[in-house]
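The lines below spell out each chain.
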Amino acid sequence: LRNECSRNLVIIGALFRNRVIKIVLVRLTVNIHPNAASNGSGMVKWADRVHELSNIKIQNLFEIGANYGQDAEFMRQYLGLRSNNIYIFEPHPQIVSEVRKYYKFNTFDYAVSNNDGFTVFHAINLSEYNNSGISSLLKHNNLDEKFYFDTTVALWRMDTFMREHNIDSVDFVKIDVEGCTYEVLEGFGERIRDVKCIQLEAEHVKLFEGQRLFDEISSLLCKNNFVMAHFELLDGKQSDSLWIQKNYLKD
């Protein structure tokens, strides 16, 4: 199965040095689960922007809301990361089971938020819906409940996790948690200052019940010394953005 689902990706990376653009072709063979929501190659622009704009050398990575781990695997190969320096969090029980078969990451079946404990997770029914990436702690405002099943999962704050796993700092955090981005960031507490850069998805309209929107997320990050380094509006409802701690930005 691993070989059947491998894909050869030719990646164009733009490395910016002294205002000269050097185009680099990188051929990667990325093992991707057939149900993955993407092939992971979209991560190249975020890695390149971090290199272009900051002094950060990405050596460890948190992926929160990992789907089948394809983005983390792409970053591992593209940046030459060690698998044991990658931490991924995916509470969907069927998906996380597959991730453990594919990759040797530190893989946790936790939901990440601003509390520790246990909670109900609305997991997408993989046999009923063709998008594996829209499970959430929150109920979707527009999708029929028949597409989900509820399961009880462990809930962790990231400051608790970092303390218990002796993690001093995180170079790159990717957050894609379907409506819960604000709560994930809040759960870092004071340890958010130990995160160097964050790539996140956020909503601009309420797709999920009771969710916090981009403006509140932006305000929280700005208060914690982050600068928005890149922004892409996806469909008028969601966006992807990159945030870097001010003290890591190049002059």
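Look above for the structure.
My aim in this report is to walk through the structure given alongside it, one point at a time. (Residues numbered from 1 in each chain as written. Predicted model: local features only at pLDDT ≥ 70, side-chain atom pairs only at ≥ 80, totals over all residues. Heavy atoms only, no water.)

Among the nonpolar cores identified, the biggest contains 39 residues, and Phe62, Ile64, Phe89 and Phe161 are the most heavily contacted of them. Leave out the neighbours within four places in its chain, and Phe161 touches Phe62, Tyr87, Phe89, Phe108, Tyr110, Trp156 and Ile167. If you look at the next biggest cluster of nonpolar residues, it comprises 31 residues, including Val44, Leu61, Phe172 and Cys197. (Core = buried A, V, L, I, M, F, W, Y, C linked by side-chain atoms within 4.5 Å. Buried < 20%, exposed > 50% of the residue type's maximum accessible area, 1.4 Å probe, protein only. Contact = heavy atoms within 4.5 Å.)

It is worth spelling out the pattern of salt bridges at this point. In a structure, side chains of opposite charge can pair up when their charged atoms sit close to one another. Taken as a whole, this structure holds 11 salt bridges when the rule is applied. One salt bridge connects Asp71 with Lys174, and the closest N-O pair in it is separated by 3.2 Å. Pair noted here: Asp71 is in helix H2 (residues 70-79) and Lys174 is in strand S9 (residues 170-175), with a separation of 103 residues, a long-range link. Residue classification places Asp71 among the buried residues on the basis of a relative accessible area of 9%. Among the ionic pairs, Glu145 bridges to Lys139, the shortest N-O distance being 3.6 Å. Classification of Glu145 as exposed rests on a relative accessible area of 56%. The class of Lys139 is partly exposed, set by a relative accessible area of 36%. (Salt bridge = Lys/Arg side-chain N within 4 Å of Asp/Glu carboxyl O. Helix = DSSP H or I, 4+ residues; strand = E, 2+ residues; numbered from the N terminus.)

Attention now moves to the pairing of strand S10 (residues 195-203). Counting buried positions over the nine residues of S10 gives nine, a clear majority of the element. In this sheet, S10 lies alongside S9 in parallel orientation, the contact comprising five bridges. Across the sheet, the residue bridging to Val173 is Ile198, located in S10. In terms of handedness, the path from S9 via helix H5 (residues 181-186) over to S10 forms a crossover that is right-handed. Here seven bridges tie S10 to strand S12 (residues 238-245), and the two strands are oriented antiparallel to one another. Across the sheet, residue Cys197 finds its bridge partner in S12, namely Ile244. (Pairing = 2+ DSSP bridges. Right-handed = clockwise from strand over helix to strand, strands pointing away.)

In space, the three strands of this open sheet follow the order S6-S8-S7, with mixed pairing throughout. Edge positions in the sheet fall to strand S6 (110-112) and strand S7 (117-124), since each has one partner strand and no second. Across the sheet, the mean angle from the axis of one strand to that of its neighbour is 55°, orientation sign disregarded. Judged from the three bridges that link them, S6 and strand S8 (residues 148-156) form a sheet pairing that is parallel. Each residue of the ladder has a partner; that of Ala111, found in S8, is Leu155. (Axes fitted to C-alpha atoms, helices over the stretch in contact; angles between N-to-C directions.)

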